[in-house]
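Coordinate inspection notes
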Amino acid sequence: MNIGFLASHTGSNMQAIIDACKSGALQANPAVVISNNSNSGAITQAKREGIPFYHLSQTTHPEQEKLDQAILDTLLKHDVDVVVLAGYMKKLGPKTLSHFKGAILNIHPALLPKFGGKGMYGIHTHEAVIEAKEKESGVTIHVVDAEYDTGPVIAQVKIPVLPNDTPETLQARVLELEHFFFPETLQRIVLGEIRLPRNQRLRVWFL
Ligand code: GRF
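First, a word on scope: everything that follows refers to the structure included in this document.

Conventions we followed
- Residues numbered from 1 in each chain as written.
- Predicted model: local features only at pLDDT ≥ 70, side-chain atom pairs only at ≥ 80, totals over all residues.
- Heavy atoms only, no water.
- Helix = DSSP H or I, 4+ residues; strand = E, 2+ residues; numbered from the N terminus.
- Polar contact = N/O pair within 3.5 Å; in protein donor to acceptor, adjacent residues only side chain to side chain.
- Contact = heavy atoms within 4.5 Å.
- Buried < 20%, exposed > 50% of the residue type's maximum accessible area, 1.4 Å probe, protein only.
- Pairing = 2+ DSSP bridges.
- Axes fitted to C-alpha atoms, helices over the stretch in contact; angles between N-to-C directions.

**Some points on the side chain of Asn-36**
Position of Asn-36 among the secondary structure elements: in the loop between strand S2 (29–35) and helix H2 (41–49). Side chain to side chain, Asn-36 and Ser-8 meet in a polar contact 2.8 Å long. Beyond its immediate chain neighbours, meaning those up to four positions away, Asn-36 contacts Ala-7, Ser-8, His-55, Leu-56, Ser-57, Tyr-88 and Lys-90.

**A look at the pairing of strand S7 (residues 153–160)**
For S7, a buried count of 6 out of 8 residues is recorded, marking the element as mostly surrounded by other parts of the structure. Bridging between strand S6 (residues 136–143) and S7 involves 7 bridges; their strand directions are antiparallel. Paired with Ile-141 across the bridge in S7 is Ala-155.

**A look at the sheet that holds strand S3 (residues 53–55)**
With mixed pairing, 7 strands are arranged side by side in an open sheet as S3-S2-S1-S4-S5-S6-S7. Among the strands making up the open sheet, the edge pair consists of S3 and S7. Along the sheet, successive strands turn relative to each other by an average axial angle of 20°, direction set aside. Where strand S5 (residues 104–108) lies against S6, 4 bridges are found, and the strand directions are antiparallel. Within S6, the residue paired with Asn-106 across the bridge is His-142. Its contacts with the sheet put helix H6 (residues 167–190) on strand S1 (2–7), strand S4 (82–85), S5, S6 and S7, and the angle it makes with S7 is roughly 145°.

Okay, structure coming up:
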């Protein structure tokens, strides 16, 4: 399984997936990294790991349609099977969404459908979870559609929100869980234990 990454910032999830590929825990190949941010940690990691990388953004392609085409062409050039959004802060264009329909995955640091959508990113998500006095939070991996955080959920894992949690402590525990859960979920896809909607067969919930 060739993975194409789209990442905007740190890329710690991307690094966890690359590490799992290197250790053999994930039988997949990190094929290409695309970032909309030329200074992102994701690009630094790609350089260090010897993975082909591209800066594709509104700066390199001011017209949305051309940016969409450039992203799609890059994923196709590297024979990508599954697209992984690892902290990608932009919406994908219609051509990329349509070509990779059902094979684009995003990780979200809360239990969707709660605490998702516009503005629910980074520390804001965890602030909202604590503000709502939730007893549980967790990680959701879902298939991407044209909106933020709305596509079909393929896997979720829960953790308790502790009485003395702050948004920062909750964020740290959830991120640690993400680093384990994203590679594991991808390996379940490799093994056929989780079928992407693209394959239209069984969908396994891992709760
Ligand atoms: C993660 O919390 C992920 O759930 C969200 O964006 C963050 C990315 O972090 N979609 P990193 O860039 O992988 O460190």
